[in-house]
Amino acid sequence: MKNIRNSINDFNEAKQVIPGGVNSPVRAYGNVGGTPRFIKEAKGAYLIDEDDNSYIDFVQSYGPLILGHSHEIVIQAVQQAAQKGLSYGAPTELETALAKEIISTCEGVEKIRLVNSGTEATMSAIRLARAFSSKDGIMKFEGCYHGHSDSLLVKSGSGLATFGETSSKGVIHDIAKHTFVAQYNNLDSVLECLKAHKNIGTIIVEPIAGNMGLVPATQEFLQGLRSICDKEHIVLIIDEVMSGFRASLKGSYPFYEVKGDLTTYGKVIGGGMPLAAFGGRAEIMDMLSPLGNVYQAGTLSGNPIAVSAGLATLAVIKQDTGLYTRLESLANQFSNGFMQIAKKYNISLQTAVRGGYDNHTVKSSCSSLLISNCEER
């Protein structure tokens, strides 16, 4: 049994000044029990807690650290940027460089705007989609997670065609009533919902859902959504905050060949720093202020430190042409090992691997155990 005395003391002290002792609820160990480990440093695949215990980190900060902790090139980029200043409140060439990197790599993205978190990216994309479609209603899917903005903290109601019910106190009914929840990988539920509610102008979906375990969309489902949105003039938002640059260099596109009208990104593009983005068709993106009348702003959006970390991370990914193939191999090895152990002890277990495409044949991997997988944004 590891000594975790310092973590216990740190947690008790944190609870006196921070609700629940954590700044994101997943970190509280509420669903698994025990005391969260307070981390003092990390390197590669390992975390070191305040009691000097070492842990293999299979989470990698919930996705951003595809290169591992404290990657030398990323750290060097951050240090060099920090020496020039932490924030300017003014545009930089770095922002344009990162925007070009994403646009040149990702399908369907003609213009992009940088923000600070996945929640901010999806919230802003939905506002923009509502403006473009001139319809208030949005559709999301049971089991998908798109951050904690009011429109998205909604669970399914009593029937497929009902509007959603709030899943958090503080979300008012007048907001939740515009969000409709359909069943993931079920086009019939989408059509039923659209038939019952004519005011839906936006559909948001994770192409590779990760918050209910790893549940990839089927080819039929995602391509069917694209066809429905085209026919009904609905804005399709593909949420790649988790899967972007993580499932492959081009995110989910190589698996489905489906482009969103808008796409959201996060995690990997910040290399461990607070950074996210939303982008898509130029005619939609140009509705944003200062060109259009859809307001979105952020003091730290495009922060030079975060952008430098993101640029360095993407540079390493693009240079390492075998990265995603190796990740796929490791994910399969990991998942197969768990299945063998589960079978030996007669434990019911499912695993899933979504991969893979490397940087040239386009091969990657996302792996998850279908037990309890909570995502932070």
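Residues numbered from 1 in each chain as written. Predicted model: local features only at pLDDT ≥ 70, side-chain atom pairs only at ≥ 80, totals over all residues. Heavy atoms only, no water.

What to know about the overall build of the protein
Next, step 1: Along the protein, the regular secondary structure elements total 11 helices and 16 strands.
Next, step 2: Relative to the compact-globule value of 21 Å for 377 residues, the protein shows a C-alpha radius of gyration of 21 Å, a close match.
Next, step 3: Once the C-alpha set of the protein is aligned to its principal axes, its extents read approximately 60 × 55 × 50 Å.
Next, step 4: Scored against the burial criterion, the 377 residues of the protein give a buried share of 48%. (Helix = DSSP H or I, 4+ residues; strand = E, 2+ residues; numbered from the N terminus. Rg over C-alpha atoms; globule rule 2.2 N^0.38 Å. Buried < 20%, exposed > 50% of the residue type's maximum accessible area, 1.4 Å probe, protein only.)

Some thoughts on the confidence of the model for the protein
Next, step 1: With 91% of its residues at a pLDDT of at least 70, the protein reaches an overall mean of 91.
Next, step 2: Residue range residues 157-162 is modelled with pLDDT below 50. Its contacts to residues more than four positions away, or to other chains, number 15 contacts.
Next, step 3: Segment residues 360-374 is flagged for pLDDT under 50; beyond a separation of four residues in sequence, or across chains, it makes 64 contacts in the model. (pLDDT = per-residue confidence, 0-100. Contact = heavy atoms within 4.5 Å.)

Overview of the nonpolar core
Next, step 1: Membership of the largest hydrophobic core comes to 30 residues, with the highest contact counts inside it found for M139, F141, V190, I203, F221 and L225.
Next, step 2: At the level of elements, β5 (137-141), β8 (179-182), α6 (187-196), β9 (200-205), β10 (208-209), α7 (219-232), β12 (235-240) and α8 (253-256) are the ones that each hand at least two residues to this core.
Next, step 3: It is α7 that provides the largest number of residues to this core, a total of 5 residues.
Next, step 4: Those residues in contact with V190 that sit more than four places away from it in its chain are M139, F141, A182, I203, F221, L225 and I228.
Next, step 5: Counting residues in each nonpolar core, the second largest holds 21 residues, with I102, V109, L114 and L275 among its members. (Core = buried A, V, L, I, M, F, W, Y, C linked by side-chain atoms within 4.5 Å.)

Here's the deal with the pattern of salt bridges
Next, step 1: Throughout the structure, instances matching the rule amount to 10 salt bridges.
Next, step 2: As a salt-bridge pair, E101 and K318 come within 2.7 Å of each other at their nearest N and O atoms. Of this pair, E101 sits in helix α3 (residues 93-105) while K318 is found in helix α10 (residues 304-319), placing the two residues 217 residues apart along the sequence.
Next, step 3: Its relative accessible area of 27% is what places E101 among the partly exposed residues.
Next, step 4: Given a relative accessible area of 28%, K318 falls into the partly exposed group.
Next, step 5: Put simply, K111 and D286 hold a salt bridge, and the shortest N to O gap is 2.9 Å. (Salt bridge = Lys/Arg side-chain N within 4 Å of Asp/Glu carboxyl O.)

What to know about the packing of α6 against α7
Next, step 1: Running from N to C, α6 and α7 cross one another at 25 degrees; their axes reach a closest spacing of 10 Å. Of the possible angle classes, the one that applies to α6 and α7 is roughly parallel. Here L187, V190, L191 and L194 of α6 lie close against α7, whose contacting residues are E220, F221, G224, L225 and I228.
Next, step 2: Of the residues contributing to the contact of α6 with α7, the split by class is 7 nonpolar, 1 polar and 1 charged. (Axes fitted to C-alpha atoms, helices over the stretch in contact; angles between N-to-C directions. Parallel < 35°, antiparallel > 145°, perpendicular 65-115°, else oblique. Nonpolar A, V, L, I, M, F, W, Y, C, P; charged D, E, K, R; others polar.)

Some words on the packing of α3 against α10
For any two helices packed against each other, the geometry is given by the interaxial angle and the distance between the axes.
Next, step 1: At a minimum axis distance of 9 Å, the contact between α3 and α10 shows a crossing angle of 35 degrees. Every pair of crossing elements has a handedness; the one defined by α3 and α10 is left-handed. Facing L94, E95, A97, L98, E101, S104 and T105 of α3, the residues of α10 in contact are P304, V307, S308, G310, L311, L314 and K318.
Next, step 2: Tallied by class, residues from the contact of α3 with α10 come to 7 nonpolar, 4 polar and 3 charged. (Left-handed = near helix turned anticlockwise from the far one by under 90°.)

Notes on the pairing of strand β14 (residues 276-280)
Next, step 1: With 5 of its 5 residues buried, β14 lies for the most part within the structure.
Next, step 2: Residues A276, F278 and G280 of β14 are buried on one face, and the alternating residues A277 and G279, pointing to the opposite face, are buried as well.
Next, step 3: One ladder, built from 5 bridges, connects strand β4 (residues 111-115) with β14; its direction is antiparallel. Of the residues in β14, the one forming a bridge with K111 is G280. (Pairing = 2+ DSSP bridges.)

Notes on the environment of S61
Next, step 1: If you trace the backbone, S61 turns up in the loop between β3 (54-56) and α2 (72-82).
Next, step 2: Sequence separation between S61 and G272 is 211 residues; the distance between their C-alpha atoms is 7.5 Å.

Section: helix α11 (residues 323-344)
Next, step 1: Over its 22 residues, α11 extends 32 Å from the first C-alpha to the last, a length consistent with the 32 Å expected when each residue adds 1.5 Å.
Next, step 2: Listed in full, the buried residues belonging to α11 are L323, Y324, E328, A331, S335 and A342. An end-on view of α11 places all buried positions within 130 degrees of arc, on one side of the element. Turned more than 90 degrees away from the buried face of α11 sit L330, Q333, Q340 and K344, all of them exposed.
Next, step 3: Backbone geometry just after α11 places N346 at a positive phi near 55 degrees. (Expected span 1.5 Å × (residues − 1). Arc of directions from axis to C-beta.)

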